[in-house]
Amino acid sequence: MLLYLSSNGKSDLLDFLEEKKAESAKRELIIKKLVGRFTLKQFVVKDMRNYLACKFFVIDMSCVNDLLEDFIIAMKSFQMMFNARIIVVLSGTKNESDYIDKLIEIGVTEIVTSTAVETLEEEILECLSKDGMERYKPKKESPKLEVKPVKPINTSTNEVQITKYKWNAKNVRIAVIGTSRRSGVTVTAFNFANWLIARGATACYVEMNMNRHLHYLIERYTLEKSGEHYPVGDVDCFLTSEIDKNYNFIIYDLGTVNELPSLFRDAELRLICGSLLPYEELDYSKLLHQCEGLSAFKMALAVPEEFQIDCQSTFGEDLLIADASHDLFNDNINGHIYLPMAKNYIVPERKL
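None of these values were measured; they are calculated from a predicted model. Counting restarts for each chain, with residues numbered from 1 along the sequence as it is written. Where totals are concerned, whole chains, interfaces and linings use all residues; where local detail is concerned, this predicted model gives features only for residues with pLDDT of at least 70, and gives and counts side-chain atom pairs only at 80 or more. Just so you know, side-chain values use all the structure's heavy atoms and leave hydrogens and water out.

Caption draft 1: Here's a closer look at the confidence of the model for the protein. Predictor confidence is given residue by residue as pLDDT, running from a minimum of 0 to a maximum of 100. Averaged over the protein, the pLDDT score is 87; the fraction of residues at 70 or greater is 91%. Contact definition: two residues touch when any of their heavy atoms are within 4.5 Å. Considering only residues more than four positions removed or in separate chains, one finds that residues 147-151, a stretch of pLDDT under 50, has five contacts.

Caption draft 2: Highlighting the sheet that holds strand β1 (residues 2-6). What the five strands build is an open sheet, ordered β2-β1-β3-β4-β5; its pairing is parallel. Two strands close off the open sheet at either side, each with one partner strand: β2 (31-35) and β5 (111-112). Pairing between two strands requires that DSSP report at least two bridges joining them. Numbering of helices and strands starts at the N terminus; helices are DSSP runs of H or I of at least 4 residues and strands are runs of E of at least 2. Relative to β2, β1 runs parallel, the two sharing five bridges. Of the residues in β2, the one forming a bridge with L5 is L34. An axis is simply a line fitted to the C-alpha atoms; with a helix, the fit covers only the stretch in contact. Between two such axes, the angle follows the N-to-C directions and lies from 0 to 180 degrees. Contacts from helix α3 (residues 68-81) reach β3 (56-60) and β4 (85-89), with the element oriented near 160 degrees to β4.

Caption draft 3: The sheet that holds strand β11 (residues 269-274), seen in detail. Across the sheet, eight strands lie side by side as β8-β9-β7-β10-β6-β11-β12-β13; this open sheet has mixed pairing. The open sheet is flanked by β8 (230-232) and β13 (320-322), the only strands paired with a single partner. The sheet shows a mean angle of 30 degrees between the axes of neighbouring strands, direction not considered. Note: strand β6 (residues 172-178) against β11, five bridges, orientation parallel. Within the sheet, the bridge partner assigned to I177 lies in β11 and is I272. With respect to the sheet, helix α7 (residues 213-220) is in contact with β7 (203-207), β8 and β9 (235-238), its orientation differing from that of β7 by roughly 110 degrees. Each of β6, β10 (249-256), β11, β12 (297-301) and β13 is contacted by helix α11 (residues 335-342), which is oriented at about 135 degrees to β13, the strand it contacts most.

Caption draft 4: Looking closely at the side chain of D327. Structurally, D327 is set in the loop between β13 and α11. A relative accessible area of 18% places D327 in the buried class. Pairs of N or O atoms are called polar contacts if they sit within 3.5 Å, as long as, within protein, a hydrogen donor faces a hydrogen acceptor (for residues adjacent in sequence, only side-chain-to-side-chain pairs). In this structure the side chain of D327 is engaged in a polar contact, spanning 2.9 Å, whose partner is the backbone nitrogen of F329. We call a residue buried when its accessible area falls under 20% of the maximum for its residue type, exposed when it is over 50%, and partly exposed in between, using a 1.4 Å probe and counting protein chains only.

Caption draft 5: Broad picture of the pairing of β7. Within β7, five of the five residues are buried, which leaves it mostly tucked inside the rest of the structure. Because side chains alternate across β7, one face comprises the buried residues A203, Y205 and E207, and the other comprises C204 and V206, equally buried. The pairing of β7 with β10 spans five bridges and is classified as parallel. By the bridge assignment for β10, V206 is matched with Y252. In this structure, β7 lies alongside β9, joined through three bridges in parallel fashion. The residue of β9 that forms the bridge with C204 is D236.

Caption draft 6: Looking closely at the environment of C204. Counting through the fold element by element, C204 comes out in strand β7. A residue is classified by how much of its surface remains accessible, and C204, at 0% relative accessible area, is buried. Separated by 71 residues in the primary sequence, C204 and S275 place their C-alpha atoms 25 Å from one another. Discounting chain neighbours no more than four positions away, the residues touching C204 are V235, D236, F238, I243, Y247, F249, I250 and I251.

Pasting the structure below:
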């Protein structure tokens, strides 16, 4: 499906696709038109969730109320939340070059600028083609040989002073769950373990899901078993719940769930992860409903600043916004989430 936001003057812009039986139309491309004036920032957050099936999102700039800065913010948010290819029709737009520069900066390269009917149609067809429009894409460079590390490297920022604490905790169970894939459960569990260890606690990671991420790490770094665990960086990692020694904290990666496992209910600390994309909100709400009566921390992954208030109004002001992390061994990210969870186990005023 193709979703087309259009002004009255350009509502027939894509009609030629069916009339000419263009190659893209042969794939039975369904065109949905919305005609009028739109505030794109609001449309992306409130209305786009009704068109999740669309593969192309075509925007006629003459129907957009947003100024350039807000328009780019809306585009960046759209890229984060949806997979549709964005095509922007700038034909006749003032300050066209400014829009082109900003769009290219954020990776939107399907840009229609022609005003002549024949070339305009050619540009649209090129944007709809398999490879898309080429003229605004950066030139491809020859691939460079990448030397991969043979073992995990702790990439914490050495310049940041990390406070070490004395901990009053023994085998405190921390359960981390999510509502969908790529909601940050595994990287959050690993980061939390590294964050605790960097601050003087002992912590381990237990894989209690079917994702097999830990198996991949063991194979990737050819790790050898030590007792019942595998040492991944500074973290002892277990493939089963049979822990062979005591820790201050045991972090369970429960993966994505539809119903609460007993381990989550029995844990002393609970963390619910979600990226809160529009199509995930319903599942996130259902999971929160199952957690009624349980104390749990709610985390949203990398929500754009302009949409954080909207998410917190939906899921509560106690919704914690996490920064995206792509480094399992980072021990200094999202402390604003981990510290409130663990602070009751810190011995007061006795820093090492």
